[in-house]
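Residue strings, one per chain:
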Amino acid sequence: MVIRPVREDDLSATLDIYTYYTENTAISFDYAAPTIDEWREKMRKTLEKYPYFVAEEDGKILGYTHVSPFKGRPAYDWSVETTIYVAPDCRRGGVGRALYEALEQALKKQGITNMYACIGVPERDDEYLTHDSVYFHEKMGFTLCGTFRKCGRKFDRWYDMVWMEKIIGEITFTNCINDSTLMQILRERLCEMIMQKQ
């Protein structure tokens, strides 16, 4: 198995994986899968800023992972929301772990400090949704940080949603150096110090 950056020729294979989970499970809260053009645009937008990996073996895509902005405001720039899907016939074979490990290393190099996962959960495991994703994220070092009760409805039943987080780095001057807001604050503080000494 090889973990590598996604390519445009992976579009159909990754969309097929997502379509399975959209149509057959409540793991995705989407009701319908996107079109190939919508999927292409989503991939393009992700790659403008973030890593996107696939797991491949013997020419078959086994799964994929990427991140998106945690929120759309600049103060959240060091936090991301994760996405990971593994082909249904490849689960529990180490694919998810390998993908997440590659993703985490890439995010650390990018200066990301917080990873967040938004996960649907049932009150009791059923044919559409289980707690498996929560257990997987716990094994990967994520911890529960919030629960929203019965906030998603699919297949004529209500599901909870939980947020899990993993802190992968510390905020330092080096990973904030390009933040214009921080630099403005530092300049203002420096001016204040100079004025106080006069």
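Keep in mind the model is a prediction, meaning the values are calculated, not measured.

Draft legend 1. Structural context of the sheet that holds strand β2 (residues 52-57). One open sheet accounts for seven strands, arranged β1-β2-β3-β4-β5-β7-β6; its pairing is mixed. Both outer strands of the open sheet, β1 (2-5) and β6 (143-154), are each paired with one neighbouring strand and no more. On average, each strand axis in the sheet is tilted by 25° relative to the strand beside it, whichever way the strands run. Pairing analysis gives four bridges linking β1 to β2, with the strands arranged antiparallel. Along β2, the bridge assignment pairs Pro 5 with Phe 53. Along the sheet, helix α1 (residues 11-24) makes contact with β2, β3 (60-69), β4 (79-86) and β6, crossing β3 at roughly 80°.

Draft legend 2. Up close: the environment of Ile 167. Turning to its location among the elements, Ile 167 is positioned in strand β7 (residues 157-167). Setting aside residues no more than four positions away along its own chain, Ile 167 makes contact with Thr 113 and Asn 114.

Draft legend 3. How the structure looks around the packing of aromatic side chains. Scanning the entire structure with this criterion turns up 14 aromatic pairs. Aromatic side chains Tyr 18 and Trp 39 sit 5.3 Å apart centroid to centroid with 25° between the ring planes, which places their arrangement in the stacked category. Here the residue Tyr 18 occupies a position in helix α1, and Trp 39 occupies one in helix α2 (residues 36-47), the gap between them amounting to 21 residues. Assessed through its relative accessible area of 7%, Tyr 18 is described here as buried. Counting every residue linked through ring pairs, the aromatic cluster contains Tyr 18, Tyr 20, Tyr 21, Trp 39, Tyr 52, Tyr 64 and Tyr 85. Cation over ring: Lys 42 sits above Tyr 18, and NZ or CZ is 5.9 Å from the ring centre.

Draft legend 4. Summary view of the nonpolar core. Counting residues in each nonpolar core, the largest one holds 39 residues, and the members touching the most others are Tyr 64 and Leu 107. Among the elements of the structure, α1, α2, β2, β3, β4, α3 (95-109), β5 (114-121) and β7 are those that each provide at least two residues to this core. What Tyr 64 contacts, discounting residues up to four positions off in sequence, is Thr 14, Ile 17, Tyr 18, Trp 39, Tyr 52, Phe 53, Val 54, Thr 83, Ile 84, Tyr 85 and Leu 99.

Draft legend 5. Structural context of the pattern of salt bridges. This model, assessed by the stated rule, comprises 17 salt bridges. When the shortest N-O distance is used, the salt bridge between Lys 60 and Asp 89 registers 2.7 Å. On the criterion of sequence distance, the pair formed by Lys 60 in strand β3 and Asp 89 in the loop between β4 and α3 is long-range, its members being 29 residues apart. Asp 89 sits in the exposed class, given a relative accessible area of 57%. By sharing partners, the salt bridges in this structure join Arg 4, Asp 10 and Glu 56 into a single network.

Draft legend 6. Focus on the layout of surface pockets. As a volume, the largest pocket reaches approximately 1200 Å³. Lining of the largest pocket is provided by 45 residues; of these, Ile 27, Ile 84, Ser 133, Phe 136 and His 137 occupy positions nearest its centre. Secondary structure elements with two or more residues in the lining of the largest pocket: α1, α2, β3, β4, α3, β5 and α4 (132-139). Grouping the amino acids of the lining of the largest pocket by side-chain chemistry returns 22 nonpolar, 13 polar and ten charged.

Draft legend 7. A look at α2. Along its twelve residues, α2 runs 16 Å from first to last C-alpha, staying within 8% of the 16 Å computed at 1.5 Å per residue. Taken as a whole, α2 has its buried residues at Trp 39, Met 43 and Thr 46. Burial along α2 is one-sided: seen end-on, the buried residues are contained in an arc of 65°. Exposed and oriented more than 90 degrees from the buried face of α2 are Asp 37 and Lys 45. The inward-facing, buried residues of α2 abut α1, β2 and β3.

Cut-offs used in this document
- Residues numbered from 1 in each chain as written.
- Predicted model: local features only at pLDDT ≥ 70, side-chain atom pairs only at ≥ 80, totals over all residues.
- Heavy atoms only, no water.
- Pairing = 2+ DSSP bridges.
- Helix = DSSP H or I, 4+ residues; strand = E, 2+ residues; numbered from the N terminus.
- Axes fitted to C-alpha atoms, helices over the stretch in contact; angles between N-to-C directions.
- Contact = heavy atoms within 4.5 Å.
- Phe/Tyr/Trp six-rings, centres within 6.5 Å; stacked < 30°, edge-to-face > 60°.
- Buried < 20%, exposed > 50% of the residue type's maximum accessible area, 1.4 Å probe, protein only.
- Lys NZ or Arg CZ within 6 Å of the ring centre and 35° of its normal.
- Core = buried A, V, L, I, M, F, W, Y, C linked by side-chain atoms within 4.5 Å.
- Salt bridge = Lys/Arg side-chain N within 4 Å of Asp/Glu carboxyl O.
- 1 Å grid on protein atoms, 1.4 Å probe; cavity = no way out; pocket = protein on both sides within 12 Å on 5 of 7 lines; lining within 4 Å.
- Points joined across faces, edges and corners; volume = space filled by probe spheres on them.
- Nonpolar A, V, L, I, M, F, W, Y, C, P; charged D, E, K, R; others polar.
- Expected span 1.5 Å × (residues − 1).
- Arc of directions from axis to C-beta.

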